[in-house]
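Spelled out, the chains give:
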Amino acid sequence: MPKMPKPSNPLHKKVSDLPKPPMPPLPPSLRPNPKPKERSEVTVGEAAAAGGTSVVAWIDERTSGSGFLRGFLFRKVPKGVNWWYTLGSATMFAFIAQAFTGVFLAMYYDPNPTVAYESMRHINNEVFLGEFVHGMHKWGATVMTVLLFVHMARTFVFGAYKYPRELNWVVGVLLLMMTMMMGFTGYLLPFDQRSFWATIVGVNLNGTGPMIGPYLADFLRGGAEFGSTTLPRFYAIHMMLVPGLIAALIGIHLYLVAKLGTTAPPWVKAEIPGQDEKRV
Amino acid sequence: MTPEKETKTPKSKFTADRGWPGAFEGETVTRRHFMTGVALGAGGIASAMFALPALGFALGPIFEKTEHRSLLDVGAVEDFPADTYTPQVVTTVAGIGEVGKILLYIRKNDNPTPEQSWPFVAISNRCAHLGCPVRYIEAAKSFICPCHGGTYGFEGEVTGGPPVRPLDRFETYVENGRVFVGERFSVNSQLERVPTRDPGAHVDGFWQVLYPPRPTT
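Note that this is a predicted model, so its numbers are computed, not measured.

Definitions and cut-offs
- Residues numbered from 1 in each chain as written.
- Chains lettered and ligands numbered in written order.
- Predicted model: local features only at pLDDT ≥ 70, side-chain atom pairs only at ≥ 80, totals over all residues.
- Heavy atoms only, no water.
- Helix = DSSP H or I, 4+ residues; strand = E, 2+ residues; numbered from the N terminus.
- Buried < 20%, exposed > 50% of the residue type's maximum accessible area, 1.4 Å probe, protein only.
- Contact = heavy atoms within 4.5 Å.
- Areas by Shrake-Rupley, 256 points an atom, 1.4 Å probe, with all protein chains shown as cover.
- Expected span 1.5 Å × (residues − 1).
- Bend = angle between axes of the 7 residues up to and from the residue.
- Disulfide = S-S within 2.5 Å.

Visitor: How do you make sense of the overall build of chain A when you look at a structure like this?
Guide: Summing up its helical and strand segments, chain A has nine helices and zero strands in all. Reading chain A from its N end, one meets helices and strands in the order α-α-α-α-α-α-α-α-α. Within the span of chain A, comprising 280 residues, buried residues form 30% of the whole. At a minimum sequence separation of 6, the contacts of chain A that also span at least 24 residues come to 71%. About 19,200 Å² of surface is accessible on chain A, with carbon and sulfur atoms providing 69% of the total.

Here it is as structure tokens:
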């Protein structure tokens, strides 16, 4: 007896029968090419563009990166997002600028207490654009801290820390602490009178914590007195330990942002209650 | 109605009896579980092998005994009268330039007490609030701190501002007409010697319990 075909279930449609989903808002250069031209019509520029596309395609075939990037960069955001929503990205950009200028300052800086000040004088007065790069790093630190606090205030005022985004708030507070630690350890490095005495006071402030304070101060100084190990210790914490932690925490922070989506501003209401598909 | 009482057989310790995937006769742990444990354990041991020494390396200075440096010659006995303080810069940590120097205010101890029997009074200029450099003002017979307004009297005792204890002192010795200074020590409000503490650490009453001295001093 021949097997009877199953009655068609309306829920079991073939993919080709489904309505075509709308194109994601891709920039023109990433949209699929409609139709290849005749070889004789291809200009040099187009051939070069095709070559670039094939390189991207080669990488994409081996990494499946485009799906991730499309989901990450072109994700849906709720109605009403505004300039206040760019503060997190701005803070991250400030961090990248700090990392970049910091690497180049490290090429000339010497964390030895006897020559640290002299190496900073050399950077500021003699190295080409040295004062400019040092200035970007110095003022960029303030910019990053200010942006971070404004970003935090935006999150608080818009209620964006509430369920399910509490963990992202916690990660953000850790990032705030790491940034404070960067400011504290970086302040010593120019090694002038101001940075030296500010660090003395800052370390002793740590020492005033009950029970654990004296040990914390000894850890920061690398001993009972401000000695030969203190400056290299601050330098290592400033340029290796904390930046690595910040980069890792930014990764977690961004993953959670992409995973959980962006909150709408508190004044935006769903237009049709119960039928709004936007993640608000 | 009471529910029927189920007869419970105790669970077998053998994987085969419990019907786990990957079970073998006579085994109490599946091979997958065992290998997971081995991999985690080996990874943990390997990580601890580099992490623990590195951590000890970074935290070691907390527990390190401070080296007793040799006595420092600060000048002749006649250089330090009893009625005023004479400033003297000495190098406590060699090889790190200006950072390794401290300023002492020294005078002859014309009134030795059982607690302070040193021949000279050598007061550190490190403020007992947060470590700023205090300065002796002759007209006021006081030590004044520029940072947060701490003031100390002639003996280094707190007379105003935020400091929590008097200024630290140094041991002093006299030999062949020269004055030498030894180790730093802190004093409490009665000017009695107590183990050296950092600025900001209390040494009186209940509060001293919250600020333990360094483990090795």
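Still more to cover.
Visitor: Is there a simple way to think about helix 5 (residues 130-157) of chain A in this case?
Guide: Residue pairs three or four apart in sequence face the same way in an α-helix, which turns once every 3.6 residues. All names here are of chain A. With 28 residues, helix 5 ought to run about 40 Å at 1.5 Å a step, and its terminal C-alpha atoms sit 40 Å apart, in line with that. The sharpest bend along helix 5 comes to roughly 25 degrees, located at Gly140. All buried positions along helix 5 are accounted for by Gly130, His134, Gly135, His137, Gly140, Met144, Leu147, Leu148, Arg154 and Thr155. Among the structural elements, helix 3 (87-106), helix 4 (116-125), helix 6 (166-188) and helix 9 (230-260) are those in contact with the buried residues of helix 5.

Visitor: Whenever I open this one, the state of the cysteines confuses me. Can you help?
Guide: By definition, a disulfide is the covalent link that joins the sulfur atoms of two cysteine residues. Residue and element names in this part refer to chain B. Applying the stated criterion across every chain, the model contains one disulfide over all chains. Cys132 shares a disulfide with Cys147; S-S distance 2.0 Å. Classification of the bridge connecting Cys132 and Cys147 rests on its S-S torsion, roughly -90 degrees, and on that basis the disulfide is left-handed. Of the two residues, Cys132 sits in the loop between strand 4 (120-124) and strand 5 (135-137) while Cys147 sits in the loop between strand 6 (142-144) and strand 7 (151-152), which places them 15 residues apart along the sequence. A disulfide-free cysteine, Cys127 has its sulfur positioned 3.7 Å from the sulfur of Cys145, the nearest such atom. Accessibility expressed as a relative area gives 5% for Cys145, which makes it buried.

Visitor: So what exactly am I meant to see when it comes to the environment of Ser70(B) here?
Guide: Tracing the backbone through its elements, the reader meets Ser70(B) in the loop between helix 2 (31-63) and strand 1 (72-76). Sequence separation of Ser70(B) and Phe180(B) is 110 residues, and the distance between their C-alpha atoms is 9.6 Å.

Visitor: For this particular structure, what's the right way to read helix 7 (residues 193-207) of chain A?
Guide: Residue and element names in this part refer to chain A. With 15 residues, helix 7 extends 21 Å between its outermost C-alpha atoms, agreeing within 8% with the 21 Å of an ideal straight helix rising 1.5 Å per residue. Restricting attention to buried positions, one finds in helix 7 the residues Ser195, Phe196, Thr199, Ile200, Val201, Gly202, Val203, Asn204 and Gly207. Among the structural elements, helix 6, helix 8 (213-221) and helix 9 are those in contact with the buried residues of helix 7.

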